[in-house]
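# Coordinate analysis (summary)
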Amino acid sequence: MLVEEIMKKDVISLTPDDTIETALKLLNQHHIRHIPIVDETMVVIGIVSDRDVRDASPSVFEKKNNMGTLKNKLGAIMTQPVITVHPLDFAEETASIFYEHEIACVPVTRNDKLVGIITEKDMLYTLIQLTGTNVQSSQIEVKVLNKPGILPQVTQVLGKRKVNISSVLIYPYKPDSSYKIIVFRIQTMNPLPTIEDLKTEGYEVLWPQMPGMQP
Amino acid sequence: MTCNTGFVYADSVTSYRFKDDHPFNQMRVVLTKELLEASGALESTSIINPRSATDDELSLAHSRKYIDAVKRAGKGLVPGDEGLEYGIGTEDTPVFKDMHEAAALLVGSTLTAIDAVLEGKVEHALNLGGGLHHGFERKASGFCIYNDGAVGIKYIRKNYNYRVLYVDTDAHHGDGVQWAFYNDPNVCTLSIHETGRYLFPGTGNVNERGLKEGYGYSFNVPIDAFTEDESFLQVYESAFKEVVEYFKPDVIITQNGADAHFLDPLTHLCGTMNIFERIPALAHELAHKYCQGKWIALGGGGYDIWRVVPRAWSQIWSIMQGLEPFKGKLPDQWLKKWQESSPVVLPEHWHDPADSYKPIPRKQEITEKNDKILEKSLQLIHNQKKYNSL
């Protein structure tokens, strides 16, 4: 999945000459937490978060005396350089950028110019869709050998029953790295024939035994 | 108190049949009816002959294009790919001859039950052939072609303008009905089902609460796999009582899937006959308390058609009439007649013996988890109560 498919295109941005007050208003009005700062040609030169803005605002206890602080310009408090992504980057890579840099938002730029924005929330929504939990399905987890060619072997068994696979996830089997677990979400109310087929072919179906519970 | 009650039934209910080895088998309705007759609890005067739903009625909840596709599929005129677009011709809902007619009869049976109650001919009515809660506006799914519950509720809204509470105790989430009324504040849906973590359709989370004007009128209690009687009933009673008090419906429709039983092959809940006695008993009590008795009960899932469904569904009828639940031995006549056809040994008693299944090792944890889920599900009602009392 590409960044351009999940990014928001109508981005609220400001310039370094805008005031902290303007940023504060926009953050509250639109329920957002980040504003990219651009120059007159829409090149991204910085970013401010709600926390930057709050840090630069007078405390609630001394608001009356210090309202002048809000007239300061954003250029003074914006973070730079900004980590950005390209519309043709992978959405999944963006998740690792969030994780590694401990940030929650990246502007999307083409030729350095702002074309979109991705937040943590967009990322989570994408992950929900990738796991397929938002469409009708039954979930099956199969423990398989961690070796090349195993996925087509397993899906062939599913193909026999003409069940539509709505999503596939693969993750390591923690107790033993020579195995992994494939999670299928298949569009059927009656997964029993498929499960039987998988067992007949020698696969271990981990579904849906709870730890410590016999089927 | 005895109640005037209607049993909607036609032998042709079995014409809704995908193929021989398909788990959805309407023979269970016949088995239930005969069990009731053999028990002396069902008189021919209580039986109401159903009609079929018209295309206009079906189109209250289904698109014309879809109805047309189902009609053509039943005549063998829909190629595979076109059928798949409508969810027809899959493992779950294969094409069968005259499938439109068979499915329209199930919907018509529910409309017959609704009219009988709302025109005041009977206080309650039962249509065991219905409860096909997975059907969508333009898609068949989960063994359901047309969604009789959704059509029925639209029909009530249109013709009677009543506020409807729909309570679904099938082990699978009542998704089709929920989505059909997701932004309607005059229809409240409550579904108690096994968590969608592994089980079809995977939806029915506590946070599915409705949209726009309908926000706060969808309730879901996804209970854990291996839940047993006590926890199931605790959740069911609390949720139903609180939701009915909050919503104050004019009429109650219940979907009575019998697949939360430990013998059911498609689910992982561990209910026994006890829950199938209490489920209709509470619905009966609350229908009288809030809706002047107006209650329509539908069937639903139930895939152990020999050992589970006939006993479970018979109890609905007994309780609906205001009688005591059946106890003791099943009638010999019924056992003798059907043991021959049954691939499994039929139970001899109405109730399951105490040690029918292996003890569930994590019972306490499961109970605690279900209590938490219930609390989350009803949070909105609790918040409102708190706010109103301030």
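The name given to chain B in an unreviewed UniProt entry is Acetoin utilization protein AcuC, with the source organism recorded as Halobacillus salinarum. Of the comments in the UniProt record for chain B, the one headed Pathway (unreviewed entry) reads "Ketone degradation; acetoin degradation."

Under an unreviewed UniProt entry, the name given to chain A is Acetoin utilization AcuB family protein, and the source organism is Halobacillus salinarum.

## A few points about a nonpolar patch on the surface
Residues and elements named next belong to chain A. A cluster of nonpolar residues, Met1, Leu124, Leu127 and Leu130, forms a patch on the protein surface that exposes about 320 Å² of accessible area. Note on placement: leucine 124 falls in helix α5 (residues 120-131). Accessibility expressed as a relative area gives 54% for leucine 124, which makes it exposed.

## What about the UniProt feature "domain: Histone deacetylase" (unreviewed entry) in chain B?
Mapped onto the present numbering, the UniProt feature "domain: Histone deacetylase" (unreviewed entry) falls at residues 22-319 of chain B. Secondary structure within residues 22-319 of chain B divides into 40% helix and 11% strand; the distance between the first and last C-alpha atoms comes to 31 Å.

## Section: helix α12 (residues 363-377) of chain B
Residue and element names in this part refer to chain B. Compared with the 21 Å implied by 1.5 Å per residue over 15 residues, the 21 Å span of α12 between its first and last C-alpha is a close match. Those residues of α12 that sit buried are Ile366, Asn370, Ile373, Leu374 and Ser377. For α12, the angular spread of buried residues about the axis comes to 100°, placing them on one side. α12 presents Gln364 and Glu368 as exposed residues on the side facing more than 90 degrees away from its buried surface. Where the residues of α12 are buried, they touch β6 (218-223), α8 (229-247) and α13 (379-389).

## Some details on the domain arrangement of chain A
Each assigned domain of chain A is listed with its residue range as follows: domain 1 (3-128) and domain 2 (134-207). Averaged C-alpha coordinates put domain 1 of chain A and domain 2 of chain A at centres separated by 41 Å.

## Looking at the UniProt feature "domain: CBS" (unreviewed entry) in chain A
With numbering matched to this structure, UniProt assigns "domain: CBS" (unreviewed entry) to residues 7-65 and 78-137 of chain A. Segment residues 78-137 of chain A splits into 38% helix and 22% strand. End C-alpha atoms: 46 Å apart.

What counts as what
- Residues numbered from 1 in each chain as written.
- Chains lettered and ligands numbered in written order.
- Predicted model: local features only at pLDDT ≥ 70, side-chain atom pairs only at ≥ 80, totals over all residues.
- Heavy atoms only, no water.
- UniProt positions renumbered as here; feature names shortened; annotations may be inferred.
- Patch = residues over 30% accessible without salt bridge, like charges linked within 9 Å, V, L, I, M, F, W, Y side chains within 5 Å.
- Areas by Shrake-Rupley, 256 points an atom, 1.4 Å probe, with all protein chains shown as cover.
- Salt bridge = Lys/Arg side-chain N within 4 Å of Asp/Glu carboxyl O.
- Helix = DSSP H or I, 4+ residues; strand = E, 2+ residues; numbered from the N terminus.
- Buried < 20%, exposed > 50% of the residue type's maximum accessible area, 1.4 Å probe, protein only.
- Expected span 1.5 Å × (residues − 1).
- Arc of directions from axis to C-beta.
- Contact = heavy atoms within 4.5 Å.
- Domains from an automatic or database assignment.

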